[in-house]
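Structural characterization, general
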Amino acid sequence: MSAEHSDVPEAKLEEVWTEKWGAFHCYVQGDKEKHKKVCVTFHDIGLNHSAYLKLISQPVAHGLATKMCFVHINAPGQQDNAENLKDGYVYPTMQQLADEIPYILEQLGFQQDKKHDIIGLGEGAGSNVLLRFAITHPERMQALVLLECTATSASFAEWGQEKVAAWNMDKGMNKKVENYILWHHLGNHTKEKLDVVHEYQESLYKRMNAKNLHLFIDSFINRNNILDKLDAVKIPMLLITGSHSPHLKDVDKMWSHVHNKRLSNLLKAEDVAGDIKEEDPKKLVESMTYFLQGLGLISGISMTRLGRSASLGETSRMASIETMEDQDKPRPHLVRVGSQGGHE
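Because the structure is predicted, anything quoted here is derived from the model rather than measured.

**Looking at the overall build of the chain**
If you tally the helices and strands in the chain, you get 12 helices and nine strands. For the chain, the proportion of its 344 residues judged to be buried stands at 57%. The long-range fraction of contacts in the chain, counting pairs at least 24 apart against all pairs at least 6 apart in sequence, stands at 76%. Total accessible area on the chain stands at roughly 14900 Å², and carbon and sulfur atoms take up 49% of it.

**Brief notes about the pairing of strand β8 (residues 265–269)**
A large share of β8 lies buried, amounting to five of its five residues. Covered by surrounding structure in β8 are N265, L267 and A269 together with L266 and K268, the residues of both alternating faces. One crossover worth recording links strand β7 (residues 237–242) to the parallel β8 by way of helix α9 (residues 248–256), and it is right-handed.

**Some words on the layout of surface pockets**
If you add up the space inside the largest pocket, you get close to 300 Å³. Residue lining of the largest pocket: 17 residues in total, with W21, G22, A23, L85 and Y89 positioned closest to the centre. Sort the elements by how many residues they give to the lining of the largest pocket and strand β2 (residues 22–29) lands first, with three residues. Here the residues of the lining of the largest pocket are counted per class, giving seven nonpolar, six polar and four charged.

**A look at the nonpolar core**
Core analysis: the largest hydrophobic core is formed by 69 residues, its most contacted members being I73, L131, L146, F216, M237, L239 and M254. What M237 contacts, discounting residues up to four positions off in sequence, is L131, L144, L146, M254, V258, L263, S264, N265 and F291. Among the nonpolar cores identified, the runner-up in size contains 31 residues, and L121, L267, M288 and L292 belong to it.

**Notes on empty space enclosed by the protein**
Enumeration according to the criterion identifies one cavity of 30 Å³ or more in this entry. Surrounding the largest cavity, L55, I56, A61, L64, A65, F70, L121, V285 and M288 form its lining. Elements with a minimum of two residues in the lining of the largest cavity: α1 (50–57), α2 (62–65) and α11 (281–294). Here the residues of the lining of the largest cavity sort into nine nonpolar, no polar and no charged.

**Some points on the pattern of salt bridges**
Under the counting rule described, the total for this entry stands at 13 salt bridges. The residue K268 makes a salt bridge to D252 at a minimum N-O spacing of 3.1 Å. One end of the pair, K268, is in strand β8; the other, D252, is in helix α9, with 16 residues separating them in the sequence. Take D252: its relative accessible area is 24%, and that puts it in the partly exposed class. Across the pair K283 and D280 runs a salt bridge, and its minimum N-O distance is 3.8 Å. According to the relative accessible area criterion, D280 is buried, its value standing at 18%.

**Examining the side chain of T150**
By secondary structure assignment, the location of T150 is in the loop between β6 (141–147) and α5 (156–166). Once you skip the residues sitting within four places of it in the chain, T150 turns out to touch N128, F220, R223, H247 and D250.

**Quick look at unusual backbone geometry**
Of note in this structure, N81 is not a glycine but carries a positive phi near 55°. Mapped onto the secondary structure, N81 falls in the loop between β4 (69–73) and α3 (94–107).

**Observations regarding the confidence of the model for the chain**
Residues with a pLDDT of 70 or more make up 83% of the chain, whose mean pLDDT is 85. Residue range residues 306–313 is modelled with pLDDT below 50. Its contacts to residues more than four positions away, or to other chains, number 16 contacts. Scored below 50 in pLDDT, residues 318–344 makes 81 contacts in the model with residues more than four places away or belonging to other chains.

What counts and how
- Residues numbered from 1 in each chain as written.
- Predicted model: local features only at pLDDT ≥ 70, side-chain atom pairs only at ≥ 80, totals over all residues.
- Heavy atoms only, no water.
- Helix = DSSP H or I, 4+ residues; strand = E, 2+ residues; numbered from the N terminus.
- Buried < 20%, exposed > 50% of the residue type's maximum accessible area, 1.4 Å probe, protein only.
- Contact = heavy atoms within 4.5 Å.
- Areas by Shrake-Rupley, 256 points an atom, 1.4 Å probe, with all protein chains shown as cover.
- Right-handed = clockwise from strand over helix to strand, strands pointing away.
- 1 Å grid on protein atoms, 1.4 Å probe; cavity = no way out; pocket = protein on both sides within 12 Å on 5 of 7 lines; lining within 4 Å.
- Points joined across faces, edges and corners; volume = space filled by probe spheres on them.
- Nonpolar A, V, L, I, M, F, W, Y, C, P; charged D, E, K, R; others polar.
- Core = buried A, V, L, I, M, F, W, Y, C linked by side-chain atoms within 4.5 Å.
- Salt bridge = Lys/Arg side-chain N within 4 Å of Asp/Glu carboxyl O.
- pLDDT = per-residue confidence, 0-100.

If you want it as structure tokens, here you go:
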């Protein structure tokens, strides 16, 4: 982290013990008492809280980092250098992970009666978990920023790839697992994203526990379809996917079921294969900031590049505003982010 951004708070480990699933290693970043806006993050398969720490430490995220308190939740056994989960451990389902979030937040000091505004930031499997939390506890969530979120069950092809990857995974990380994780995050564009590939290789072989990761992957692959529950969700959402993402069709399908399109947005990031926080963090942070400021959840962050013309083909959708009364209500602005980071 650069010295000029040294006021970005450090993350402090707080372990939350649950009766059913054991320990959740959480990292709290920011002042619990000072900030009433709390961003809860949940990671994807093959990653953990470190991905969000890296994102928030970058200069472009300085505004967000000083406006909110962040709570980074690690799924069981996914923290750095984790020991093997005990023999016979039954990994929680996506829904069971979501059901633990209220208890985790309470144990960390974010009780519902303290009127914290919760914003969810998830990716992949983590997006699915936070979406389920919003469905079952809509009163706790003010907005969702979901990267590469799928609300359907796994396809047969996805299920088959995971099973091939899992072969002999108990014996440690292997090339098949690496290839599956890289496909999940970058699709068929690994050759053009060698710097990102190297980041994943470092994480998989030096930080992640292969046996525990296998359990988390298996839980994600066996997720159930929750598309039919989205019609009742009125929480504003920013859905983000890459224009070359392997999950593009899944995100499109989810968008078609989003109820509150007036306050929600779908962003397809140009030239992004599926991991925008690694491939172009500036796009992610600026779009997220624009979205949250449009909702009135945060304010006072200077966005020098917003409002400029962007004609580089990036796709962003938002329902039109129909009445003058509606126009007076907070809403996210139309966001188009081109390959150079400009917005419209």
